[in-house]
Amino acid sequence: LATDCYAVDSAVARTLQRTQAGETDATLGAICAVAAVEALERAAQVARRLVYTLFAGDDAATWLAKVAAVRPEAAVSLLPWRRAIAARAVGDGGYKLSAY
């Protein structure tokens, strides 16, 4: 959880810095969005596993409800962002991490 939080925070901060510097790179925003949504999904999965590990019966149900309450459903398709990232990688002749 901590690693995902740090990675998403860093991606958002870097995207904001580049945007404020006048750069307009839609691919960077797409990478950031995909990373954030996937991290949120992983965090929810880890939280549910922790609940099942630590609690049983009614306690587990109570904590699962709390996890569900703080995790909004990401009602978004990642496909358009992933296609944009892939198109950029193909256009650049590869996925150049230093470009992002």
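Just above sits the structure.
A quick note: this is a predicted structure, and the numbers were derived from the prediction, not measured.

1. Here we look at the packing of helix α2 (residues 26-54) against helix α3 (residues 57-70)
In the contact formed by α2 and α3, the axes pass within 9 Å of each other and the chain directions differ by 165 degrees. Between α2 and α3, the angle is such that the two are roughly antiparallel. The crossing of α2 and α3 is right-handed. Here α2 contributes Ala44, Ala47, Arg48, Val51 and Tyr52 to the contact with α3, which in turn contributes Ala60, Trp63, Leu64 and Val67. A per-class count over the contact of α2 with α3 returns eight nonpolar, no polar and one charged.

2. Digging into the pattern of salt bridges
A complete count under the given rule lists five salt bridges for this structure. Between Glu23 and Arg18 there is a salt bridge, with its nearest N and O atoms 2.9 Å apart. For Arg18, a relative accessible area of 18% gives the class buried. With a shortest N-O distance of 2.9 Å, Arg88 and Asp25 are connected by a salt bridge. Of this pair, Arg88 sits in helix α4 (residues 79-92) while Asp25 sits in the loop between α1 (2-20) and α2, and the two are 63 residues apart along the sequence. Taking relative accessible area as the criterion, Asp25 reaches 21% and is therefore assigned partly exposed.

3. Examining the packing of aromatic side chains
Scanning all chains against the criterion turns up one aromatic pair. Ring geometry for Phe55 versus Trp63: centroids 5.4 Å apart, planes at 15 degrees, classification stacked. For Trp63, a relative accessible area of 38% puts it in the partly exposed group. The aromatic ring of Trp63 is capped on one face by Lys66, whose charged end is 4.2 Å from the ring centroid.

Thresholds, definitions, all that
Residues numbered from 1 in each chain as written. Predicted model: local features only at pLDDT ≥ 70, side-chain atom pairs only at ≥ 80, totals over all residues. Heavy atoms only, no water. Axes fitted to C-alpha atoms, helices over the stretch in contact; angles between N-to-C directions. Helix = DSSP H or I, 4+ residues; strand = E, 2+ residues; numbered from the N terminus. Parallel < 35°, antiparallel > 145°, perpendicular 65-115°, else oblique. Left-handed = near helix turned anticlockwise from the far one by under 90°. Contact = heavy atoms within 4.5 Å. Nonpolar A, V, L, I, M, F, W, Y, C, P; charged D, E, K, R; others polar. Salt bridge = Lys/Arg side-chain N within 4 Å of Asp/Glu carboxyl O. Buried < 20%, exposed > 50% of the residue type's maximum accessible area, 1.4 Å probe, protein only. Phe/Tyr/Trp six-rings, centres within 6.5 Å; stacked < 30°, edge-to-face > 60°. Lys NZ or Arg CZ within 6 Å of the ring centre and 35° of its normal.

Scope: geometric values only; no functional claims are made or implied.
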